[in-house]
Amino acid sequence: MPEDAVLTAERAHLDLAAACLQQMHTATAATADAGVDAWASERLGAARAERLRSLAADRGAPPFFGRTDTPDEAFHVGRRHVRDAAGDPVVIDWRAPMSRPFYQASAADPQGLTRRRRFGFADGRLTSYEDESLTGDDGESQLLREEIERPRSGPMRDIVATIQPDQDDIVRAPLAESICVQGAPGTGKTAVGLHRAAYLLYTHGEQLARTGVLVVGPNRAFLRYIEQVLPALGEVEVDQATVADLTGRVPVRAQDPDDVAVLKGDARLAEVLHRAVWRGVAKPQDSVQVPLSGRRYRIPVERLRRYVDDLRRADISYGAGRERLGLSLAEDARRQKEEAGGSPTDAETRRCARSAEVRAFCDEHWPAVDAAGLVAAVLADPTRAARGVLTDEEQELLRRAPARSVRSTRWTAADAVLVDEVAGLLERTPGYGHVVVDEAQDLSPMQCRAVARRLAAGSLTVLGDLAQATSPWSVADWTQTLAALGRPDTVVRPLTRGYRVPAEVLEFANRLLPTLVPGLAPATAVRSEPGSLQLRSVSSLAGPVAEVVAQVAQGSVGIVCADAGVDELVTALRAEGLQVEALVDDGSEPARVVVVPATLVKGLEFDAVVVVEPAAIVAAEPRGLHRLYVALTRAVSSLVVLHREDLPELLVG
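In this text the structure is predicted, and so the values were computed from the model without any measurement.

Quick notes on the rules
- Residues numbered from 1 in each chain as written.
- Predicted model: local features only at pLDDT ≥ 70, side-chain atom pairs only at ≥ 80, totals over all residues.
- Heavy atoms only, no water.
- Helix = DSSP H or I, 4+ residues; strand = E, 2+ residues; numbered from the N terminus.
- Buried < 20%, exposed > 50% of the residue type's maximum accessible area, 1.4 Å probe, protein only.
- Contact = heavy atoms within 4.5 Å.
- Areas by Shrake-Rupley, 256 points an atom, 1.4 Å probe, with all protein chains shown as cover.
- Lys, Arg positive; Asp, Glu negative; His and termini not counted.
- Charge placed at Lys NZ, Arg CZ, Asp CG, Glu CD.
- Axes fitted to C-alpha atoms, helices over the stretch in contact; angles between N-to-C directions.
- Left-handed = near helix turned anticlockwise from the far one by under 90°.
- Nonpolar A, V, L, I, M, F, W, Y, C, P; charged D, E, K, R; others polar.
- Pairing = 2+ DSSP bridges.
- 1 Å grid on protein atoms, 1.4 Å probe; cavity = no way out; pocket = protein on both sides within 12 Å on 5 of 7 lines; lining within 4 Å.
- Points joined across faces, edges and corners; volume = space filled by probe spheres on them.
- UniProt positions renumbered as here; feature names shortened; annotations may be inferred.
- Salt bridge = Lys/Arg side-chain N within 4 Å of Asp/Glu carboxyl O.
- Core = buried A, V, L, I, M, F, W, Y, C linked by side-chain atoms within 4.5 Å.

Further remarks concern the overall build of the protein. When you go through the protein residue by residue, the secondary structure sums to 28 helices and 22 strands. Oriented by its inertia axes, the alpha-carbon framework of the protein measures out at about 95 × 70 × 45 Å. Taken over 653 residues, the protein has a buried fraction of 52%. By sequence separation, contacts in the protein at least 24 residues apart represent 73% of the contacts at least 6 residues apart. Carbon and sulfur atoms make up 50% of the accessible area of the protein, which totals about 29100 Å². Here the protein holds 76 positive side-chain charges and 92 negative ones, and the gap between their average locations is 8 Å.

And the structure:
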């Protein structure tokens, strides 16, 4: 078929798919309420609203981006399934099994395909196509490369049109399998994790509709950056949170020194807090009399001790144990009355369990615990709970002067995680069916436990890069992190093919790797961009930065500097006439040109990046060299390094 005829036919199919998608939207909106009952009406309304949101989420995106041909039929592949009025498929969802050859087929293994077709779009119009015969070396896909390199403006986009085979293997891993992705910069690990969530929601929709999916990110700016990826794939019912959001039971108004934060993040604190919670449970020393139906029944001390001992050995939360202890006493009195010929009702038994006598017994032998109050008490005097777990020096490091009250305590972020740990001991934390954890290399063991409590019996997708580990508790391998997340047997899958960062930029940043994580395999870039890296020694910063920004005609620009220099740099750039804002961690929409504190740049990407004064970034924190590695690997098209001071020695060569 002549090229013009192919484009005409494909554009006609695009118009058909768009019309069918609109018909699906109209039909969903018109779904009638049968009026069976209020509950059914409510569920129908919620399902209809969710369906409408998913159908509307990708307005502006073409209904399909690829096509697969077999000897018998052809399928167009898109972000969602599109059907015509007769119910026949017009576009196949990218997650459907029959779409997998689009991502996996190769000349070595065509998987039954005779052709793979990719499409190019401009402003929603189909402008080009590219065919791969899959019978030999078709060469590099120019459309694929152009899509990968397309300038980044605004939030992260999905990568559904450009998923590569090694990424697709992770995306389509079974729900029961937990996976740790060790992903070098530019390998798409974050996008892969999000697309895996979308795939699991499509494949196990009914199950995950009950249990839910949670995405955990490092900060609010990062969550804002990724928040449109899943809705663009039709998945709108996914929770997103930071660890601070998950553990926000107390107001954080202070910051720990690094050594104290490291200690509070140590997994041994879980044992300290467990001791502190359960040490209040006391062995009964005397019998007790409880009221039931107008009479009092004595429960001997031997049975009371058995009730307490049995509940302590049971796999239940502290709060559930306290409640069951009261019920055990009431049931004991009930059996005594029945043995005497009585027949107490369930309501009378419940009143017995709530009686003053039973409550007084529980208060003495299984006392109520307030999570924040207990943590405050342990920090004021850790000796008893920490003896034999922490050294004397560590106990003193943990100790702090008690506040006038729990409400006036100046809590730190590490304290909040401890309070959440205690709350999880008191009552079971509701869990999700699947949890995606990004930048996991920076989580402390106690933060990992906070995430694990939200996991219950579900599975994990752990995303991170050991070379980008910047927190004071960062580790050199994944063993400790996976153990603290409750999945020690999780398989670590490396991603080392960099699709985002140009080779020149990646090779420059890789000079740091042997020092950061000895033995870690470096990433290799799939594309080269001559001129994408510039190193410039300057006498002043604002003017050269403004010059670089002026050369970027489209796409986002991130100007990364040490946190302490952000305000000064913003002021200087505005004096140069540049419209620029400082990126803040509040989840707000960033401007096209932003000055980014180095501590917030992780996980973000920009079309053009300017790294200002690398030496200052390195000097700002103990793991400053890791932070610099992160900053140097955020660019999609170009990286300019401006420095007045000497570059770190590892980068000189």
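Now that the structure is up, let's keep going.
So, about the packing of helix α13 (residues 301-313) against helix α14 (residues 318-339). When two helices pack together, their arrangement is captured by the angle between the axes and the distance separating the axes. Interaxial distance between α13 and α14 falls to 10 Å at its minimum, and their mutual angle equals 145 degrees. In the packing of α13 onto α14, the handedness of the crossing is right-handed. Counted together, R303, L304, Y307, V308 and L311 of α13 and G321, R324, L325, S328, L329, D332, R335 and Q336 of α14 form the full contact between these two elements. Its residues placed into classes, the contact of α13 with α14 shows six nonpolar, three polar and four charged.

Attention now goes to the sheet that holds strand β6 (residues 125-132). Pairing within the open sheet is mixed, and its six strands lie in the order β3-β4-β2-β1-β5-β6. Only two strands of the sheet have a single neighbouring strand rather than two, namely β3 (82-83) and β6. Where strand β2 (residues 74-78) meets strand β4 (residues 89-93), two bridges bridge the pair, whose relative direction is parallel. When the bridges of β4 are listed, V77 appears paired with I92.

Attention now goes to the environment of G193. Relative to the helices and strands, G193 is located in helix α6 (residues 189-203). On the accessibility criterion, G193 (0% relative accessible area) is buried. Expressed as a C-alpha distance, the spacing of G193 and E507, which sit 314 residues apart in the sequence, is 25 Å. Once residues lying within four places of it in the same chain are set aside, the contact partners of G193 are V436, T461 and L463.

Turning our eyes to something else, we now look at empty space enclosed by the protein. Taken as a whole and assessed by the stated rule, the structure comprises one cavity of 30 Å³ or more. Space inside the largest cavity adds up to approximately 400 Å³. Contributing to the lining of the largest cavity are 26 residues, with I159, G188, A191, R500 and E605 lying nearest its centre. Elements with a minimum of two residues in the lining of the largest cavity: α4 (142-149) and α6. When residues of the lining of the largest cavity are assigned to their parent elements, the largest contribution, three residues, is made by α6. Classifying every residue of the lining of the largest cavity gives eight nonpolar, nine polar and nine charged.

This part is about the sheet that holds strand β9 (residues 239-242). Pairing between the strands of a sheet comes from backbone hydrogen bonds, and it takes one of two forms, parallel or antiparallel. Strands sit in the order β9-β8-β12-β13-β7-β14 across an open sheet of six strands; the sheet is parallel. At either end of the open sheet lies a strand with only one pairing partner, and these are β9 and β14 (491-495). Direction aside, the axes of adjacent strands within the sheet are offset by 20 degrees on average. As paired strands, strand β8 (residues 213-217) and strand β12 (residues 434-437) are joined by four bridges and run parallel to one another.

A word on the UniProt feature "binding site: ATP" (unreviewed entry) in the protein. If you check UniProt for "binding site: ATP" (unreviewed entry), the listed places come out as G183, A184, P185, G186, T187, G188, K189 and T190 in our numbering. Of the residues annotated just before, the largest cavity has A184, P185, G186, T187, G188, K189 and T190 among its lining. Tracing the backbone shows G186 in the loop between β7 (179-183) and α6. According to the relative accessible area criterion, G186 is buried, its value standing at 7%. Setting aside anything within four residues of it in sequence, one finds G186 in contact with R497, G498, Y499, R500 and V501. Take T190: it is sitting in helix α6. Among residues more than four places away in sequence, those in contact with T190 are M156, F222, I226, D438 and L463.

The next point concerns the UniProt feature "domain: UvrD-like helicase ATP-binding" (unreviewed entry) in the protein. The UniProt feature table records "domain: UvrD-like helicase ATP-binding" (unreviewed entry) at residues 162-502. From the first C-alpha to the last, residues 162-502 spans 16 Å; its make-up is 48% helix and 12% strand.

In total, this model carries 45 salt bridges according to the counting rule given. Residue D266 pairs with R268 through a salt bridge whose shortest N-O separation is 3.3 Å. Classification of D266 as partly exposed rests on a relative accessible area of 24%. Residue R268 pairs with E394 through a salt bridge whose shortest N-O separation is 2.7 Å. Taken together, the positions of R268 in helix α12 (residues 268-278) and E394 in helix α19 (residues 392-398) put the pair 126 residues apart, joining distant regions of the chain. Given the relative accessible area of 28%, R268 is considered partly exposed. What you see here is one network of salt bridges that share partners, running through E10, R67, D69, R115, R117 and D131.

Looking now at the nonpolar core. Formed by 97 residues in total, the largest nonpolar core has its most connected members in W94, V435, V611 and L632. Ranked by residues supplied to this core, first place goes to α6 with eight residues. Counting 53 residues, the second-largest nonpolar core is a separate cluster that includes A276, V358, W366 and V389.

In this structure, the largest pocket occupies an estimated 1400 Å³ of space. Taken together, 44 residues make up the lining of the largest pocket; nearest its centre are P218, A413, Q447, S471 and W473. For the lining of the largest pocket, the elements supplying multiple residues, two or more each, are β8, α10 (243-246), α11 (258-264), α20 (413-426) and α21 (445-453). Across the lining of the largest pocket, the residue classes break down as 18 nonpolar, 13 polar and 13 charged.

Inspection of the secondary structure puts K337 in helix α14. For the buried K337, which has no salt bridge, the nearest side chain bearing the opposite charge is E348, at an N-O separation of 6.6 Å. With residues up to four places along the chain from it excluded, the contact list for K337 reads L292, S293, Y297, G342, S343 and P344.

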